[in-house]
Amino acid sequence: MDERDEQDKQTSAMDAATQAGWSHRHRDVSGGWLRPTVFGAVDGLVTNASLIAGVGGGGVSAHTVVLTGLAGLVAGAFSMGTGEYVSVTNQNELVHAEVAVERRMHERFPEAEQAELEQTFRGYGADEETAARMAAAVSADPEQALRVHTREELGVDSQDLPSPVLAGAASLAAFSVGAVLPLLPYLLGHASLVAAMVITALALVGGGTAVGRLTGRPLAFSGLRQLALGAVAVAVTYGIGRLVGGTVA
């Protein structure tokens with residue numbers, strides 16, 4: 001069987017598998033948007049709910065609760081957005097610095113780098129002859145060789161790094177959305193700490209369930225886990241508010 005026949009056979013096999021439901025389309029798991037969005041939303045929700053529970057438990061006025069909540073929203077959103085942007089930027093800069101080191105090694109020691117690539121392919125199960133041919137083919141294109149080496153050695157693709165702007169914006173926006181939810185009763189003129197906590201609980205369960213749907217985890221488990229963790233933070237700050245408020249009074 002010649003090379004063309006082999007390619008035709010592979011194409012036919014893939015076409016048949018596709019018709020039967022085979023697919024390699026995957027969701028983005030590189031952390032470009034999901035992690036900062038989920039982290040920002042949960043952080044905003046739990047942080048502001050805890051602040052509102054703390055000051056509300058201390059017996060302050062509704063105006064003070066709103067002021068505290070809005071201040072927490074703005075401060076936290078910009079803190080999250082800035083922190084996410086800086087952390088992703090620094091991570092990308094570190095990757096680029098390591099890629100520069102790898103590029104210098106390729107320029108100075110191409111034979112050693114090719115030999116290293118042969119070892120990598122042998123580690124994947126290729127025999128010596130096949131590994132040597134594969135390494136030679138990849139090394140014939142310096143940029144492709146550099147990309148393969150950095151993926152193998154750093155575990156990332158230097159040409160497909162997360163965007164710091166996207167990560168920062170997603171984190172800032174998600175925190176703001178999460179932080180405003182416990183404030184809604186107060187902003188709408190219904191100054192009720194109970195209502196704020198009910199909204200928080202529903203949002204925690206709903207957010208956890210949505211993430212569970214994305215990750216394939218049991219929905220009830222994901223929702224209740226998030227609710228339990230948030231409830232601990234709210235309960236502690238509420239207790240502190242009651243204790244301090246009662247002492248001051």
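Analysis parameters
Residues numbered from 1 in each chain as written. Predicted model: local features only at pLDDT ≥ 70, side-chain atom pairs only at ≥ 80, totals over all residues. Heavy atoms only, no water. Helix = DSSP H or I, 4+ residues; strand = E, 2+ residues; numbered from the N terminus. Expected span 1.5 Å × (residues − 1). Buried < 20%, exposed > 50% of the residue type's maximum accessible area, 1.4 Å probe, protein only. Arc of directions from axis to C-beta. Contact = heavy atoms within 4.5 Å. Polar contact = N/O pair within 3.5 Å; in protein donor to acceptor, adjacent residues only side chain to side chain. UniProt positions renumbered as here; feature names shortened; annotations may be inferred. Core = buried A, V, L, I, M, F, W, Y, C linked by side-chain atoms within 4.5 Å. Salt bridge = Lys/Arg side-chain N within 4 Å of Asp/Glu carboxyl O. pLDDT = per-residue confidence, 0-100. Patch = residues over 30% accessible without salt bridge, like charges linked within 9 Å, V, L, I, M, F, W, Y side chains within 5 Å. Areas by Shrake-Rupley, 256 points an atom, 1.4 Å probe, with all protein chains shown as cover. Axes fitted to C-alpha atoms, helices over the stretch in contact; angles between N-to-C directions. Parallel < 35°, antiparallel > 145°, perpendicular 65-115°, else oblique. Left-handed = near helix turned anticlockwise from the far one by under 90°.

## Things to note about helix H5 (residues 128–139)
Alright, step 1. Across its 12 residues, H5 extends 16 Å between first and last C-alpha, which sits within 8% of the 16 Å expected from 1.5 Å per residue.
Alright, step 2. Within H5 the residues assigned to the buried category are Ala131, Ala135 and Val138. Down the axis of H5, the sector holding all buried residues measures 65°, keeping them to one side. Looking at H5, the residues exposed on the side facing more than 90 degrees away from the buried face are Glu129 and Ala137.
Alright, step 3. The inward-facing, buried residues of H5 abut helix H4 (110–123) and helix H6 (142–154).
Alright, step 4. Looking at where H5 begins, the residue whose side-chain oxygen comes 3.1 Å from the main-chain nitrogen of glutamate 129 is aspartate 127.

## Quick look at the UniProt feature "transmembrane region" (unreviewed entry) in the chain
Alright, step 1. Under the local residue numbering, the UniProt record ascribes the feature "transmembrane region" (unreviewed entry) to residues 165–187, 193–215 and 227–245.
Alright, step 2. As annotated, residues 193–215 has a helix share of 100% and a strand share of 0%, and its two end C-alpha atoms lie 33 Å apart.

## What about the nonpolar core?
Alright, step 1. Within the largest apolar cluster, 11 residues are counted, these being Ala49, Ile52, Ala53, Val65, Val66, Leu183, Tyr186, Leu193, Ala196, Met197 and Val234.
Alright, step 2. Of all the secondary-structure elements, those providing two or more residues to this core are helix H2 (34–57), helix H3 (62–108) and helix H9 (193–215).
Alright, step 3. Apart from the residues within four sequence positions on either side, tyrosine 186 is in contact with Ile52, Ala62, Val65, Val66, Ala191, Ser192, Leu193 and Ala196.
Alright, step 4. Counting residues in each nonpolar core, the second largest holds 7 residues, with Leu117, Ala135, Val138 and Ala145 among its members.

## What to know about H4
Alright, step 1. The terminal C-alpha atoms of H4 lie 20 Å apart, and with 14 residues this matches the ideal 20 Å at 1.5 Å per residue to within 8%.
Alright, step 2. If you follow the buried residues of H4, they end up packed against H3, H5 and H6.
Alright, step 3. Glycine 125 sits one or two positions beyond H4 and adopts a positive phi of about 110°.

## Examining the pattern of salt bridges
Alright, step 1. As enumerated under the stated definition, the model contains 5 salt bridges in all.
Alright, step 2. For glutamate 143, the salt bridge is made with arginine 103, and the minimal N-O distance between the two is 2.8 Å. Taken together, the positions of glutamate 143 in helix H6 and arginine 103 in helix H3 put the pair 40 residues apart, joining distant regions of the chain.
Alright, step 3. One salt bridge in this structure joins aspartate 157 and arginine 147, with 2.6 Å as the shortest N-O distance. Separated by 10 residues along the polypeptide, aspartate 157 in the loop between H6 and helix H7 (164–180) and arginine 147 in helix H6 bring together distant segments of the chain.
Alright, step 4. By relative accessible area, aspartate 157 is classed as buried at 16%.
Alright, step 5. Take arginine 147: its relative accessible area is 23%, and that puts it in the partly exposed class.

## Examining the confidence of the model for the chain
Alright, step 1. In this model, the chain carries an average pLDDT of 86, and 86% of its residues clear a pLDDT of 70 or more.
Alright, step 2. Summarising per-element confidence for the chain, the mean pLDDT is lowest in helix H1 (residues 3–19) (66) and highest in helix H8 (residues 184–187) (94).

## Let's talk about a nonpolar patch on the surface
Alright, step 1. A cluster of nonpolar side chains, namely Val232, Val236, Ile240, Leu243 and Val244, defines an oily patch on the protein surface of about 470 Å² accessible area.
Alright, step 2. If you trace the backbone, valine 244 turns up in helix H10 (residues 219–248).
Alright, step 3. We classify valine 244 as partly exposed; its relative accessible area is 46%.

## Thoughts on the side chain of serine 192
Alright, step 1. As for its position among the elements, serine 192 is in the loop between H8 and H9.
Alright, step 2. Among the residues examined, serine 192 registers a relative accessible area of 17% and is labelled buried.
Alright, step 3. Setting aside anything within four residues of it in sequence, one finds serine 192 in contact with Pro185 and Tyr186.

## Digging into the packing of H3 against H7
Alright, step 1. At a minimum axis distance of 8 Å, the contact between H3 and H7 shows a crossing angle of 160°. In terms of their interaxial angle, H3 and H7 are classed as roughly antiparallel. Once H3 is placed against H7, the crossing between them reads as right-handed. Together, Gly72, Leu73, Gly76, Ala77, Phe78, Met80, Gly81, Glu84, Tyr85, Val88, Thr89 and Asn92 of H3 and Pro164, Val165, Ala167, Gly168, Ser171, Leu172, Phe175, Ser176, Ala179 and Val180 of H7 make up the contact between the two elements.

## Some points on the environment of glutamine 119
Alright, step 1. Here glutamine 119 lies in helix H4.
Alright, step 2. Of the residues examined, glutamine 119 reaches a relative accessible area of 51% and is grouped as exposed.
Alright, step 3. Spatially, the C-alpha atoms of glutamine 119 and alanine 132 are 8.8 Å apart, while their sequence positions differ by 13 residues.

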